[in-house]
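Chain by chain, the residues run as shown.
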Amino acid sequence: MSAILYDVKAPLHTELLEADEAGIRRAAEVVRADGLVAFPTETVYGLGANALSEAAVLRIFEAKDRPRGNPLIVHLGEAGQLATVAGEVTSRVREITARFWPGPLTLVLPRAPVVPLVTTGGLDTVAVRVPDHPVARALIEASRVPIAAPSANRSGRPSPTLARHVRDDLDGRIELILDGGPTPVGVESTVLDMTGDSPLLLRPGGIPLESLREALGPVRVVAGADHEAAGRSPGLRYRHYAPRARVILVDPGAGETAIQPWLEAGRQVALVSQRRIALERPRLTLRVMPVDLEAYARDLFALLRELDASGVETIVVEAVSERGLGRTIMDRLRRAAAAS
Ligand code: TXA
Ligand code: MG
C-alpha cells in the first residue's frame, strides 16, 4: 500500500573528496547532472552549479538560503569564453581581462540571453570572472559549462576558506565538497561594474583599488550604504559576513579600553589586534593578526569562525589601514559589525 515517495527536503549525503583528478572528474559529473559542488578558488570556496541551467541555479539559492534577488558570479575557464555569457565585450573590457584574469576581479557586463535570469537575480547584467586556481579551472573545463558560484557559506555567514567551513554550513544540502586546502587570498573578488560611463567599484576584494586605478585610470567608488550602489550591487543590501558573536570595530590602540565593560560584566570577549598585547584576564581571548595585510586577509574569515566556535560573545577588532587589501578587510569588518 505505502508508496515510496522521493522527499525533496530529505538531507542529501554530502561527499567530501580530495581535489585530485578523480575528485574533479566526479565533481564535473555532478555539475553536468544539475547538482551542487563546493570547490576552492583563489579567493574563497564557491558553491558551483551549471550557470546556464535554471534548475541547477535555483538549488544554489535553496542550499544557501540566499535571497533570490542576489545575483551570482559566473565563472569561466578562460577569458576567451567571455562572449558566450556577456552580450557585449568592448576592447576596453578585453584590455582589463588581459591584465587581471585569471584572478580575483569580477566584471559586471551586459548579459547574453543564454544566461538565465535566475543566475543574474533578474538583472540584465551578468557578473563574470576567471578564477586563478587550478582546481576551479580544471572543474570548469571538465564540466564544459560556465559555473555559477557564490561563496559556499550559508547566507549571512563568513565566507569559507577551508573545506571544513563549507561542511559546517552546507553538509546535507549539497552533493559534493572538493577539498583543495586553504584558499590563498581569503577574501572574495573585487566586483567592478563596467556597464556605465566609467568603471564603478561595487565591492572591494582581492584586487586592491590602487591596482585598478593604476591600470585603468579613474575608478568610481560608492559607499555600501549608498542607495544607488545598493541597487547596482544587490549583494550590498543583504546581511553579510556575520559571525554569531557581536563584532565591535574600534580605532587602533583602543582595544584594551573597549573590552573593559565586557570583562567587568563577566562576559566572554575577544580582542583582535595587529599589536601584541600583554594582558591576561579570565574570559579574554587575544588574537594577534599579521601586520602584512595579505596575510591578514587570508586569515580573517577563519578567525571569525574560530572565535564563534569558541563561544566568545563579543569580538572587539581594531581597525586596520585602508590601503591595499586593508580597504577590503575594513569593508568586511564593517559589515560584520553592522550585522551584529
Ligand atoms: O571571490 C568571489 O567572488 C567568490 C568566489 C566563489 O568566486 N564568489 C562570491 O560570490 O563572493 P557572492 O555571491 O558571495 O558575491 C557576489 C557579489 C554579490 O555582492 C552580488 O550582488 C554581486 O557580486 N553581483 C553578482 N552579479 C551582479 C550583477 N549582475 N550586478 C551587480 N552585482 C552583482
Ligand atoms: Mg558571499
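For the structure itself, look to the data block above.
Residues numbered from 1 in each chain as written. Chains lettered and ligands numbered in written order. Predicted model: local features only at pLDDT ≥ 70, side-chain atom pairs only at ≥ 80, totals over all residues. Heavy atoms only, no water.

A. Looking closely at the overall build of the chain. Looking only at helices and strands, one finds 10 helices and 15 strands in the chain. Computed over its C-alpha atoms, the radius of gyration of the chain comes to 20 Å, within 12% of the 20 Å expected for a compact globule of 340 residues. Taken along its principal axes, the extent of the C-alpha atoms in the chain is 65 × 60 × 35 Å. Of the contacts formed within the chain by residues at least 6 apart in sequence, a portion of 66% connects residues at least 24 apart. Summed over all atoms, the accessible surface of the chain reaches about 15100 Å², with 51% contributed by carbon and sulfur. Here the chain contributes 41 positive and 42 negative side-chain charges, whose respective centroids are spaced 3 Å apart. (Helix = DSSP H or I, 4+ residues; strand = E, 2+ residues; numbered from the N terminus. Rg over C-alpha atoms; globule rule 2.2 N^0.38 Å. Contact = heavy atoms within 4.5 Å. Areas by Shrake-Rupley, 256 points an atom, 1.4 Å probe, with all protein chains shown as cover. Lys, Arg positive; Asp, Glu negative; His and termini not counted. Charge placed at Lys NZ, Arg CZ, Asp CG, Glu CD.)

B. Up close: the sheet that holds strand S13 (residues 269-273). Pairing within the open sheet is parallel, and its 4 strands lie in the order S12-S15-S13-S14. Edge positions in the sheet fall to strand S12 (246-250) and strand S14 (284-288), since each of these pairs with one other strand and no more. Put simply, the sheet's adjacent strands are angled 20° from each other on average, direction ignored. One ladder, built from 5 bridges, connects S12 with strand S15 (residues 314-318); its direction is parallel. Across the sheet, residue Leu249 finds its bridge partner in S15, namely Val317. (Pairing = 2+ DSSP bridges. Axes fitted to C-alpha atoms, helices over the stretch in contact; angles between N-to-C directions.)

C. Region of the structure containing the pairing of strand S5 (residues 105-110). The element S5 is largely enclosed, with a buried count of 5 among its 6 residues. Inspection of the sheet shows S5 paired to strand S6 (residues 125-129) by 4 bridges, in the antiparallel sense. From the neighbouring strand, Leu107 faces S6, where its bridge partner is Val128. (Buried < 20%, exposed > 50% of the residue type's maximum accessible area, 1.4 Å probe, protein only.)

D. The arrangement of unusual backbone geometry in detail. For the peptide bond that leads from Trp101 to Pro102, omega is -5°, which places it in the cis range. As for its position among the elements, Pro102 is in the loop between helix H3 (91-100) and S5. With a phi angle near 60°, Asp65 is a residue other than glycine that sits in the positive phi range. Position of Asp65 among the secondary structure elements: in the loop between helix H2 (54-64) and strand S4 (73-75). For Arg283, which is not glycine, the phi dihedral falls at a positive 70°. Tracing the chain through its elements places Arg283 in the loop between S13 and S14. By relative accessible area, which is 43% here, Arg283 ends up partly exposed.

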